[in-house]
Amino acid sequence: MAAQTPHYSEEAALSLTLAIVAASQAPLLLLDGDLNIVSASQSFGQVFELDVDRAVGGPLSSLGAGEWEMPRLRALLDATAAGDAPVDAFELDLVRPGRSPRHLLIHAQRLVYLDLENRRLLMSVTDTTQALADQKLKDEALAENLVLLSEVRHRVANSLQIIASVLLQNARRTQSEETRAHLKDAHNRVMSVAALERQLSESAAETVQLQTYFISLCDSIAASMIADPERISLRVTGEGGMVSARISVSLGLIVTELVINALKHAFPDGRSGKIVVDCQVHGPNWTLSVTDDGAGLLAQPSQGRIGLGTSIVQALARQLDAVVEIKSAHLGTSITVTHTQVALVQDLPADGHPADGQAAASL
C-alpha cells in the first residue's frame, strides 16, 4: 500500500513554525502585520540581552528600553508587510542606554503562505559591530604601513644618492678612461634608481598614474644626464593609465634602462635628436615604447647596444609576462614592451580563435 501523507492541523503547523524560529542560531524575529512579536529566537535574546519570552506578544518598539522604536525602520517594515518590497541589508545603529552602540544589518521579508489574511514578517538581524571595528584596525594598519614604506623609500633614495656621489668622485679621480666610463655608467644607474625610489616615496597610493610618474622620472634622468637640452630632448607621450605600485617599479626600471641606453649610444659625435617614451594602457593590457631618431643599431655594431641594459629590460619584461620587440634602422631605434592579458575581438586571427595563451573578450 502507498504511504499516506500525515495530516497536520493548523495549530500544529503554527507550532512547528514558532519552534523553528525559536531554535534558530541566527537572531530572528517573527512579526505580524502590526509589527508585534509573534516569536523570537533564543539567539536574538542572547545577542541583545533580552528576555524573548516576555517580548512575545508585544510590539517591536517596546523591546528593551525602547531603542528599537526607529521611524525609518518602522516605515520599511510597514512597506514590507504591505508587500511593496523586502528590506535588504538596511544598516542602522542601535543605541542602548549604558551600553556601547551596535551596528546592525536588517533583513526582512513578508512570508507568503496559505493564510493570506494574517500577515507575517521574518526579520533577521546581523551584528557587524566587531567586523567594522576589525576593518578599521586593518585600514589603520595599512595606512601606517604605507607611511613606513614611503619613509623607507625616501631613505633608500637618499642612500643611493650618496653612493652615486661617491661613484662620481671616484670617476673624476681615476686616470683610466675605461674605469671612468664604467663608474659614470654605474653612477647614472644608481641615480636613476634613486629617482624611482623618490618618486614612489612621494606617493602612498597602491596604484600609480603612469604618465605623471614617467614625466617626473624622465625629468630626473634628463637633469642628470642631458647636458644640452637643445641638442637632445626627452619627452613622454601616450594616454598613460593606472597600474599597481609593484608594476610601476618594474616599468620605471625599464624606462630608465632604455633611456640611458639611448642617451649613451644613439647620438654619437655630438649628434642631436630626440627620445620619446610612450605608454598606452587599456585595462589589463599595456604597451611601453622608447624610441629615438639616432644612429640606429646597424650604424653602431661595435657599441653593443644590445648589452647589459637590454638584458635587464628582457629580465624585467619576463617578470611582467611581457614581450620585448626591437626595431632599428639607420634613422633610429624603437624598443617596445607589450603585455597582453586580454585579446580584443578585432585582434583575433582570421579563424576567429585566440592565439595560445590569450583570452578573447568582447568589447
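Whatever comes next refers back to the structure up there.
Note that the coordinates shown come from a computational prediction; the quantities given were computed from them, not determined experimentally.

Overview of the pattern of salt bridges
Counted according to the given criterion, the structure contains five salt bridges. Put simply, Glu49 and Arg99 hold a salt bridge, and the shortest N to O gap is 3.9 Å. Here Arg99 lies in the loop between strand E3 (87-94) and strand E4 (102-110) and Glu49 lies in the loop between helix H2 (42-48) and helix H3 (52-55), a separation of 50 residues in the sequence. Of the charged contacts in the structure, one is a salt bridge between Asp127 and Arg102, with a shortest N-O distance of 2.4 Å. In this pair, Asp127 sits in strand E5 (residues 120-127) while Arg102 sits in strand E4, placing the two residues 25 residues apart along the sequence. Arg102 gets classed as buried once you look at its relative accessible area, which sits at 18%.

Focus: the packing of helix H7 (residues 210-225) against helix H8 (residues 245-265)
Where H7 contacts H8, the two axes come as close as 11 Å, and the packing angle between them is 35°. Judged by the twist between their axes, the crossing of H7 over H8 is right-handed. Here Leu210, Tyr213, Phe214, Leu217, Cys218, Ile221 and Met225 of H7 lie close against H8, whose contacting residues are Ser248, Val249, Leu251, Gly252, Val255, Thr256, Val259, Ile260 and Leu263. A per-class count over the contact of H7 with H8 returns 13 nonpolar, three polar and no charged.

Focus on the environment of Gly309
The residue Gly309 is located in helix H9 (residues 308-319) in this model. Here the alpha-carbon distance between Gly309 and Ile254, two residues 55 residues apart in the chain, equals 8.8 Å. The contacts of Gly309, once residues within four sequence positions are left out, are Arg189 and Glu257.

Basis of the calculations
- Residues numbered from 1 in each chain as written.
- Predicted model: local features only at pLDDT ≥ 70, side-chain atom pairs only at ≥ 80, totals over all residues.
- Heavy atoms only, no water.
- Salt bridge = Lys/Arg side-chain N within 4 Å of Asp/Glu carboxyl O.
- Helix = DSSP H or I, 4+ residues; strand = E, 2+ residues; numbered from the N terminus.
- Buried < 20%, exposed > 50% of the residue type's maximum accessible area, 1.4 Å probe, protein only.
- Axes fitted to C-alpha atoms, helices over the stretch in contact; angles between N-to-C directions.
- Left-handed = near helix turned anticlockwise from the far one by under 90°.
- Contact = heavy atoms within 4.5 Å.
- Nonpolar A, V, L, I, M, F, W, Y, C, P; charged D, E, K, R; others polar.

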